[in-house]
Each structure stands twice: as structure tokens, then as C-alpha cells.
Amino acid sequence: MTEAAKGVCAMIIACTVWGLSGLFYKLLSHIPPEQVLSHRVLWSCLFFAAVLLIQGRIQVLGAALSDSGNVKILLLATAMISLNWFTFITSVQIGRATEASLGYYIFPLLSVMLGRFVFGEHLSRAQSLAIALAVLAVVILTIGLGVAPWISLILGFSFGTYGVIKKRLDLGPVVSVTAEVLLILPLALLVILGTGGGGFQLGWSEAGLLMLSGPLTGAPLILFSYAARRVALGTVGVLQYINPTLQAFVAALVFGEVFTIWHSLAFALIWVAVIIFSAGALQKQRQSARV
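Residues numbered from 1 in each chain as written. Predicted model: local features only at pLDDT ≥ 70, side-chain atom pairs only at ≥ 80, totals over all residues. Heavy atoms only, no water.

## What about the overall build of the protein chain?
Broken down by element type, the protein chain carries 12 helices and 0 strands. Reading the protein chain from its N terminus to its C terminus gives the helix and strand order α-α-α-α-α-α-α-α-α-α-α-α. The C-alpha radius of gyration computed for the protein chain amounts to 19 Å, which stays within 12% of the reference 19 Å derived for 291 residues, consistent with globular compactness. Based on the C-alpha atoms only, the size of the protein chain along its principal axes is roughly 50 × 45 × 40 Å. When the 291 residues of the protein chain are sorted by exposure, 45% land in the buried category. Carbon and sulfur atoms make up 72% of the accessible area of the protein chain, which amounts to about 13800 Å² in all. In the protein chain, 16 positive and 9 negative side-chain charges are present, and the distance between their average locations comes to 11 Å. (Helix = DSSP H or I, 4+ residues; strand = E, 2+ residues; numbered from the N terminus. Rg over C-alpha atoms; globule rule 2.2 N^0.38 Å. Buried < 20%, exposed > 50% of the residue type's maximum accessible area, 1.4 Å probe, protein only. Areas by Shrake-Rupley, 256 points an atom, 1.4 Å probe, with all protein chains shown as cover. Lys, Arg positive; Asp, Glu negative; His and termini not counted. Charge placed at Lys NZ, Arg CZ, Asp CG, Glu CD.)

## Some details on helix 1 (residues 3–26)
An ideal rise of 1.5 Å per residue puts 34 Å on 24 residues; helix 1 measures up with 35 Å between its terminal C-alpha atoms. Its side-chain oxygen 3.1 Å from the backbone nitrogen of A5, T2 forms the N-cap of helix 1. (Expected span 1.5 Å × (residues − 1). Polar contact = N/O pair within 3.5 Å; in protein donor to acceptor, adjacent residues only side chain to side chain.)

## Here's the deal with the packing of helix 2 (residues 33–55) against helix 8 (residues 173–194)
The N-to-C vectors of helix 2 and helix 8 enclose an angle of 140°; their axes lie 8 Å apart at closest approach. As judged from the angle between their axes, helix 2 and helix 8 are oblique. When you trace helix 2 past helix 8, the crossing you get is left-handed. Contacts from E34, Q35, S38, H39, V41, L42, S44, C45, F48, A49, V51 and L52 of helix 2 reach helix 8 at V174, V175, V177, T178, V181, L182, I184, L185, A188, L189, V191 and I192. Within the contact of helix 2 with helix 8, the residues separate by chemical class into 18 nonpolar, 5 polar and 1 charged. (Axes fitted to C-alpha atoms, helices over the stretch in contact; angles between N-to-C directions. Parallel < 35°, antiparallel > 145°, perpendicular 65-115°, else oblique. Left-handed = near helix turned anticlockwise from the far one by under 90°. Contact = heavy atoms within 4.5 Å. Nonpolar A, V, L, I, M, F, W, Y, C, P; charged D, E, K, R; others polar.)

## What to know about the environment of S225
As for its placement among the helices and strands, S225 is situated in helix 9 (residues 204–228). Once the C-alpha coordinates of S225 and G7 are considered, the two residues, 218 residues apart in sequence, prove to be 9.2 Å apart.

## A look at the packing of aromatic side chains
The final tally for this structure, using the stated rule, is 13 aromatic pairs. The interplanar angle of 20° and the centroid separation of 6.1 Å between the aromatic rings of Y105 and Y241 together place this pair among those described as stacked. With Y105 in helix 5 (residues 97–119) and Y241 in the loop between helix 10 (233–239) and helix 11 (242–254), the pair connects residues that are 136 residues apart, well separated along the chain. Neither Y105 nor Y241 differs from the other in exposure class; each is buried. Ring geometry for Y105 against W271: centres 6.3 Å apart, planes inclined by 80°, an arrangement best described as edge-to-face. Remark: W271 occurs in helix 12 (residues 261–290) and Y105 occurs in helix 5; sequence separation between them is 166 residues. Given the relative accessible area of 2%, Y105 is considered buried. (Phe/Tyr/Trp six-rings, centres within 6.5 Å; stacked < 30°, edge-to-face > 60°.)

## Comments concerning the nonpolar core
Residues Y25, L28, V36, V41, W85, F88 and L155 are the most contacted members of the largest nonpolar core, which totals 40 residues. For this core, the secondary-structure elements that each account for two or more residues are helix 1, helix 2, helix 3 (58–65), helix 4 (68–93), helix 5, helix 7 (150–166), helix 8 and helix 9. If sequence neighbours within four positions are ignored, F88 has contacts with S21, G22, Y25, A100, Y104, L155 and Q247. Counting residues in each nonpolar core, the second largest holds 25 residues, with L109, L110, V138 and Y241 among its members. (Core = buried A, V, L, I, M, F, W, Y, C linked by side-chain atoms within 4.5 Å.)

Without other data, these values stay purely geometric and don't point to any function.
This is the structure:
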């Protein structure tokens, strides 16, 4: 198997785990989301720290946190990823996983839009059309449901902003995420200890699931990092839509969430936007390969 093929396999596995993660967090729906998030932070921190120790790179983490400029950026990244994680966990618990999947569909489009305004990056016609269709989808859903799809917008913008912030960091993904969860770890421990264990007191099954949230968070990120170094960005962009597609199927087929005509119209527009966006990315990839 070639390195590129290995990268594609790793990317598919990572996106599949992310796409099915709603099933996992649904098992914890009887535990308040702030407690689930706190355990996710704790066990992710331990998981990533162990990975860095095994790799012999734990000193890189110390160097990153000794730079005040890095810490300021990391604090902003921590705020965005914590908001993203909390919103996703909450959406699954309150039966709004469909909206969460929409958020991860529009996130790449929002990232491109943020890149235009923050970094002055050029938007191609395909990107501009895809963004316009995504905006139209959100407007239709807002009119149809009588309220803006806040979960989708929060997830999309928080993850998009997180990506913009991370572009300012010259750190590897494992090091940066370890630093982020380490920065919010004191607050997470306060929540866990302040609630008598944050779910641990409920039994061994809950304790095991909460501990599993660490590897479930860390392993896909490592696979994604592995894939990103071996697969062209255009291909990565297309494959990442496995995640929200699986989320949408889980929400509709497993959780039995209501899928109205307004959801159908919005998702149809989003899928068209995704096809246009992905086709443009792949065309750009092929053009770059010829140069």
C-alpha cells in the first residue's frame, strides 16, 4: 500500500469515528454536558501527554507554554474548541444532532470565508457560489423553523475560527491540542470535583465511558494528522464530509430526530454547495500537480 493510500485509509477512519461519535455521547445523555466536557478535557489531556511521552516530545509542550505569545493564541483556541465540544455534546443530548451535522457541513465554507476576511485570501467562483448556497440554506432553515439554526452556526463558526487561530501557531497538532486541554484542565477539574466526580459516582460503566472520551478524542486527531501529511489537501477536503454525513444519518435513522421539509431544502442546498466546493478544490489540486 502506498503512503497516499495509507493516508486515505487513516482519513476515512478518523472521519468515521467523528461521524459516529454522537452514538457515544448519547450514552452519556443522563450526565450534564459540562461534566461530560470536563471529563473529555481531563482524559484527552492524559491521552495526549502519554503520546508525547512515548514520542519523546514532551519537552516541546513545555517550550510552547513558556512562550507568552503562544499562550495567548492557545487560550483563544482553547475557548473555541471548548465551545465547539460543549455545543456538540449538548446538541446530541437535547435531540438536535441534525443541526450539529449541518454545522460541520458549513464549517469548511465558513473557514474559506474567514480566510478571505482575516488573511485576504482570494475566493474562486466555485467557493463564492458554494458560500452563497450555504447562506441561502441557513436563511431557508431560519424562515422555515422560525428560529436561526444556532447550533449549526455556533459549531461552524467556532470550528472555523479555531482553524484561523491555529494558522497563527507553529506547533504540531498533538502538541497544540495538548496545550489547549492543559490550559482548561484546572477549570475542568473544578467541575469534576465540585460535582462529586462529575459522573464517576454513577457507576463503573459511566466511569469507563467518561474515560474512553480521551482516546475517542485523541486517536482520530492523530489519524487525521497522519493523513494530512500524505494526502493532497483537495482530497482531505472531500473526505472530511464523511463526518457530517454520518452524523446526519445517525440523527435521522438512530436517534429518530424530525427531518422537516425545511431541513430537506437546506441540506439539498448544502450538498450542492459541497459538490461545487469539492469539485473546485480537486480541480485546483490537479492544476497544482501539473505545475
